[in-house]
Amino acid sequence: MIFRLAVETHQRDELIDITCQVQNVVTDAAAHEGICTVYVPHTTAAVTIQENDDPNVAVDIIDGLDRLIPVKGVLPYKHIEENAPAHLKVALVGTSETLFVEEGKLQLGRWQSIFLCEFDGPRQREVLVKLSA
Amino acid sequence: MIFRLAVETHQRDELIDITCQVQNVVTDAAAHEGICTVYVPHTTAAVTIQENDDPNVAVDIIDGLDRLIPVKGVLPYKHIEENAPAHLKVALVGTSETLFVEEGKLQLGRWQSIFLCEFDGPRQREVLVKLSA
Amino acid sequence: MIFRLAVETHQRDELIDITCQVQNVVTDAAAHEGICTVYVPHTTAAVTIQENDDPNVAVDIIDGLDRLIPVKGVLPYKHIEENAPAHLKVALVGTSETLFVEEGKLQLGRWQSIFLCEFDGPRQREVLVKLSA
């Protein structure tokens, strides 16, 4: 069974903490132990696991990715929709994360949170979650 | 059981859509629901999930990675085989992808395809696929 | 069940081959076939699969990531702990790897090894390993 979460983004580039929503899937399914896979079915949004204690970490990641992959490339991008940088960011950050569940809880490290990475917003995004043994 | 796909590449850097081959594994195994893991057993080739509607997305990804990780580094690379940039690209893009299967179909987003990423071709490459519950 | 490996790092940036430790988990658990997931519960350390035949590949990856994401950014980083580049490197390299097991052995490619990537050491790190069918 696949659980589908709706996430609304508000900026072109944005990291949104979805840890609570993913933990809610685990809790509602009464999953005690296993693997939880988070999958983003988009080509201009990704998922990462990062610190959320200092919200500036997310800001630095967004700014750092923008410096690496500027909106206007040194050579022009060929993709007609003008969101080529978003596609490249997704290729680097990735569209899925695998997490462990134990005693009904996501086994995240002390500083880890799960973030949807919006690179071409604002949009309505979907996040798929699947639990396996 | 591990399914092994053969993929022939034709250029130094190339993104090759392998979605049909992976879906064929799912179909032939009569997998109805579960997880499909795609694994690339190489250190200069990777796998990513990206748009294939406009083939220029793949071109922009190849060109963008080349700008980030030039063949001739600012400082010389130390690896003797002269394919150090390919290794670094693989470290960033990654060697596996996790996908969901429902009703016998890979649950890709509307614009998503699975691509083998060749960074040191042309070569004969292998892609491993495993289905789990 | 989650197996926990302790890894001690000795430099700020370092790639440490943990293949033997992960294979030992598979062997000790008498896992014959399935999936082995390696998970790093940190936000300034990651995991990658790379070549270890020539140790200079690891050096080139560390140096290449440092060129991409310099300690002193073009614009200053906002995160107060001064390890913002480590967080960004983790967002790119990722915190988990999925591997296949067959006949009791990790199905790595000929040149592949599993590396813990330290980006903010030296530290005591933990690596989680889970086996599934």
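What counts and what doesn't
- Residues numbered from 1 in each chain as written.
- Chains lettered and ligands numbered in written order.
- Predicted model: local features only at pLDDT ≥ 70, side-chain atom pairs only at ≥ 80, totals over all residues.
- Heavy atoms only, no water.
- Contact = heavy atoms within 4.5 Å.
- Buried area = accessible area lost by both parts, 1.4 Å probe.
- Salt bridge = Lys/Arg side-chain N within 4 Å of Asp/Glu carboxyl O.
- Polar contact = N/O pair within 3.5 Å; in protein donor to acceptor, adjacent residues only side chain to side chain.
- Helix = DSSP H or I, 4+ residues; strand = E, 2+ residues; numbered from the N terminus.
- Buried < 20%, exposed > 50% of the residue type's maximum accessible area, 1.4 Å probe, protein only.
- Least-squares fit on C-alpha atoms with pLDDT ≥ 70 in both.
- Pairing = 2+ DSSP bridges.
- Core = buried A, V, L, I, M, F, W, Y, C linked by side-chain atoms within 4.5 Å.
- Axes fitted to C-alpha atoms, helices over the stretch in contact; angles between N-to-C directions.

Q: Where do I start with the interface of chain C and chain B in this structure?
A: Interface size is commonly expressed as the accessible area that is lost once the parts come together. On the chain B side, the residues contacting the 32 residues of chain C number 31 residues. Interface of chain C and chain B: buried area, both sides summed, is about 2,600 Å²; carbon and sulfur atoms make up 57% of it. When the area that chain C buries against chain B is broken down by residue, the three leading residues are Asp60(C), Arg67(C) and Phe100(C), summing to 25%. Our enumeration of links across chain C and chain B arrives at 3 salt bridges. In this structure, the salt-bridge partner of Arg4(B) is Glu102(C), at a minimum N-O distance of 3.6 Å. On inspection of chain C and its partner chain B, the count reaches 11 residue pairs in polar contact (both at pLDDT 80 or more). Looking at which element gives the most residues to the side of chain C that touches chain B, the answer is helix H2 (residues 56-68) of chain C, with 10 residues.

Q: What's the story with helix H3 (residues 84-93) of chain B in this structure? I'm lost.
A: Note: α-helices contain 3.6 residues per turn, so residues at a spacing of three or four share the same orientation. Residue and element names in this part refer to chain B. Across the 10 residues of H3, 10 count as buried, placing the element largely inside the fold. Here H3 has its buried residues at Ala84, Pro85, Ala86, His87, Leu88, Lys89, Val90, Ala91, Leu92 and Val93. Just downstream of H3, glycine 94 is the residue with a positive phi angle, here 100°.

Q: Explain the side chain of Thr37(B) to me, please; I cannot follow it from the model alone.
A: If you trace the backbone, Thr37(B) turns up in strand S3 (residues 34-39). Under the relative-accessibility criterion, Thr37(B) is labelled buried at 2%. When sequence neighbours within four positions are dropped, the list of residues in contact with Thr37(B) reads Glu97(B), Leu128(B), Val129(B), Lys130(B), Ile35(C), Thr98(C) and Phe100(C).

Q: Sorry if this is basic, but what is going on with the relation of the copies chain A and chain B here?
A: One copy of the chain maps onto the second through a rotation around an axis plus a translation along that axis. Relative to chain B, chain A is turned by 120° and slid 0.0 Å along the rotation axis, the superposed coordinates differing by an RMSD of 0.0 Å. In symmetry terms, the pair is related by a three-fold rotation axis. For chain A, the smallest separation between a C-alpha atom and the rotation axis is recorded for Leu92(A), amounting to 3.2 Å. An asymmetric contact is evident, with only 10% of the interface residues of chain A recurring at the interface of chain B.

Q: Can you help me understand the pairing of strand S3 (residues 34-39) of chain C in this one?
A: Residue and element names in this part refer to chain C. A large share of S3 lies buried, amounting to 6 of its 6 residues. Here S3 pairs with strand S5 (residues 96-102) via 6 bridges, running antiparallel. If you follow glycine 34 over to S5, its bridge partner there is valine 101. Bridge count between S3 and strand S8 (residues 124-132): 5 bridges; the pairing is antiparallel. Opposite cysteine 36, over in S8, you have leucine 131 as the bridge partner.

Q: Can you walk me through the nonpolar core in this structure?
A: Within soluble globular proteins, side chains that are nonpolar generally end up buried alongside one another. Within the largest apolar cluster, 60 residues are counted, with the highest numbers of intra-cluster contacts made by Leu92(A), Phe119(A), Leu92(B), Phe119(B), Leu92(C) and Phe119(C). If we skip the residues at most four places from it in the chain, Leu92(C) touches Leu65(A), Leu68(A), Leu92(A), Val93(A), Ala91(B), Leu92(B) and Ile69(C).

Q: How should the sheet that holds strand S4 (residues 45-51) of chain A be read in this particular structure?
A: Paired through their backbone hydrogen bonds, the strands of a sheet run either parallel or antiparallel. All names here are of chain A. Read from one edge to the other, the open sheet built from 3 strands follows the order S2-S7-S4, with strand pairing classed as antiparallel. Of all strands in the sheet, those bounded by a partner on one side alone are strand S2 (14-17) and S4. Taken over all neighbouring pairs, the strand axes of this sheet differ in orientation by 35° on average, direction set aside. Examined bridge by bridge, S2 and strand S7 (residues 112-118) share 4 bridges and lie antiparallel to one another. Its bridge partner lying in S7, isoleucine 16 is registered against leucine 116. Across the sheet, helix H3 (residues 84-93) lies against S4 and S7, angled at about 50° from S4, the strand it touches most.

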